[in-house]
Amino acid sequence: RKEVEQDPGPFNVPEGATVAFNCTYSNSASQSFFWYRQDCRKEPKLLMSVYSSGNEDGRFTAQLNRASQYISLLIRDSKLSDSATYLCVVNLPYNTDKLIFGTGTRLQVFP
Amino acid sequence: DVKVTQSSRYLVKRTGEKVFLECVQDMDHENMFWYRQDPGLGLRLIYFSYDVKMKEKGDIPEGYSVSREKKERFSLILESASTNQTSMYLCASSLAGLYEKLFFGSGTQLSVL
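Rules used in this analysis
Residues numbered from 1 in each chain as written. Chains lettered and ligands numbered in written order. Predicted model: local features only at pLDDT ≥ 70, side-chain atom pairs only at ≥ 80, totals over all residues. Heavy atoms only, no water. Helix = DSSP H or I, 4+ residues; strand = E, 2+ residues; numbered from the N terminus. Rg over C-alpha atoms; globule rule 2.2 N^0.38 Å. Buried < 20%, exposed > 50% of the residue type's maximum accessible area, 1.4 Å probe, protein only. Contact = heavy atoms within 4.5 Å. Areas by Shrake-Rupley, 256 points an atom, 1.4 Å probe, with all protein chains shown as cover. Lys, Arg positive; Asp, Glu negative; His and termini not counted. Charge placed at Lys NZ, Arg CZ, Asp CG, Glu CD. Buried area = accessible area lost by both parts, 1.4 Å probe. Salt bridge = Lys/Arg side-chain N within 4 Å of Asp/Glu carboxyl O. Polar contact = N/O pair within 3.5 Å; in protein donor to acceptor, adjacent residues only side chain to side chain. Nonpolar A, V, L, I, M, F, W, Y, C, P; charged D, E, K, R; others polar. Core = buried A, V, L, I, M, F, W, Y, C linked by side-chain atoms within 4.5 Å. Pairing = 2+ DSSP bridges. Axes fitted to C-alpha atoms, helices over the stretch in contact; angles between N-to-C directions. Phe/Tyr/Trp six-rings, centres within 6.5 Å; stacked < 30°, edge-to-face > 60°. Lys NZ or Arg CZ within 6 Å of the ring centre and 35° of its normal. Disulfide = S-S within 2.5 Å.

## Side note on the overall build of chain B
On a plain count of helices and strands, chain B comes out with 0 helices and 12 strands. Listing the helices and strands of chain B from first to last along the sequence gives β-β-β-β-β-β-β-β-β-β-β-β. For chain B, the C-alpha radius of gyration of 13 Å lies close to 13 Å, the compact-globule estimate for 113 residues. Judged by the C-alpha coordinates and their principal axes, chain B covers about 40 × 25 × 25 Å. For chain B, buried positions account for 48% of its 113 residues. Taking as baseline every contact in chain B between residues at least 6 positions apart, the subset at least 24 positions apart corresponds to 55%. Roughly 5,400 Å² of accessible area belongs to chain B as shown, and the carbon and sulfur atoms make up 52% of that amount. In chain B, 15 side chains carry a positive charge and 15 a negative one; their mean positions are 5 Å apart.

Structural data, given as structure tokens:
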């Protein structure tokens, strides 16, 4: 089983829609979780961290479900500029300087 | 703004050649990383470094070596390039203690023929 799994998509949604992605992780001892965004042919950039209580940054909401070992990213009121690949990232337990990246979920927002 | 610069955007090499990929960051970051990104496999860590002259193997170090002689520069070396090393190579850096905020370079697409 992969350490971090994501649905590759693509998720094709109209502007203004709400869309959610999930990501599952295999190691229950994982401590830290993040979402990165990667535009086509560009480098990944940190979008947001995921906190145990859930957190919001504008139109983006991240949540963590430790019992089921998944994190989620919800995007409200989708914009064309949200089109990108969203990478789920989990730290390796007991080694906080190494991150495991998921293969990403591709989002395409259309007019 | 943090800038991580990789020396080449595209590189074509022949099997057996020695290949050097250079990465320079301008924000005095302690940590530097080399990843490769392949379709369906995501980003995989090759090597990382916490300090000058220090290096640690990542998940897929075979066939690669690294050098960090100065804090701002982290080089990836393919000792004898092979076709299975055709990939997108991404360098990243981060502050010590803020490991999750990686700043990536724009990547080098390496093709080994």
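## A short note on the interface of chain B and chain A
Counting residues at the interface gives 23 residues for chain B, matched by 20 residues for chain A. Buried area between chain B and chain A, both sides added, is near 1,700 Å², and the carbon and sulfur share of it is 56%. There are 0 salt bridges connecting chain B and chain A. In this structure, the connection of chain B to chain A is made through 3 residue pairs in polar contact (both at pLDDT 80 or more). Of all the secondary-structure elements, those providing two or more residues to the side of chain B that touches chain A are strand 5 (31-38) and strand 6 (42-49) of chain B. Partitioning the side of chain B that touches chain A into residue classes produces 11 nonpolar, 7 polar and 5 charged.

## Description of the nonpolar core
Residue and element names in this part refer to chain A. By size, the foremost hydrophobic cluster in this structure holds 25 residues, and its most contacted members are F21, W35, I71, L73, I75, Y86 and L107. Those elements that place two or more of their residues in this core are strand 3 (19-25), strand 4 (33-38), strand 5 (44-50), strand 7 (60-65), strand 8 (70-75), strand 9 (84-92) and strand 11 (105-110). Examining the composition of this core, we find that 5 residues originate from one element, strand 9, more than from any other. Ignoring anything within four residues of it in the chain, the contact list for I71 reads F21, N22, C23, Y25, F33, F34, W35, V50, Q63, L64 and C88.

## Quick word on the sheet that holds strand 8 of chain A
Neighbouring strands of a sheet are bound in pairs by backbone hydrogen bonds; such pairs are parallel or else antiparallel. All names here are of chain A. Read across the sheet, 5 strands follow the order 1-3-8-7-6 without closing on themselves; strand pairing throughout is antiparallel. Sheet topology places strand 1 (4-6) and strand 6 (55-57) at the edges, where each strand pairs with a single neighbour. Within this sheet the neighbouring strands show an average axis-to-axis angle of 20°, counted without direction. Examined bridge by bridge, strand 7 and strand 8 share 6 bridges and lie antiparallel to one another. Its bridge partner being in strand 8, F60 is matched across the sheet by I75.

## What to know about the packing of aromatic side chains
The full count for this structure, using the stated rule, is 12 aromatic pairs over all chains. With a centroid separation of 6.3 Å and an interplanar angle of 85°, the aromatic rings of Y36 of chain A and F104 of chain B are classed as edge-to-face. Taken as a pair, Y36 of chain A in strand 4 and F104 of chain B in strand 11 (residues 103-104) lie in two separate chains rather than in one. Like Y36 of chain A, the residue F104 of chain B is buried in the burial classification. Between F101 of chain A and F104 of chain B, the ring centres sit 6.1 Å apart and the planes meet at 80°, which makes this aromatic pair edge-to-face. Taken as a pair, F101 of chain A in strand 10 (residues 95-101) and F104 of chain B in strand 11 lie in two separate chains rather than in one. Summarising the burial analysis for this pair, F101 of chain A and F104 of chain B share the class buried. Joined through ring pairs, the aromatic side chains of Y36 and F101 of chain A together with F33, Y35, F48, Y50 and F104 of chain B make up one cluster. Seen from the ring of Y10 of chain B, R9 of chain B lies directly overhead, with NZ or CZ sitting 5.5 Å from the centre.

## Let's talk about the state of the cysteines
Residue and element names in this part refer to chain A. Under the criterion given, the structure shown has 2 disulfides over all chains. A sulfur-sulfur distance of 1.9 Å marks the disulfide that ties C23 to C88. The S-S bond linking C23 to C88 shows a torsion near -70°; that makes this disulfide left-handed. Of this pair, C23 sits in strand 3 while C88 sits in strand 9, and the two are 65 residues apart along the sequence.

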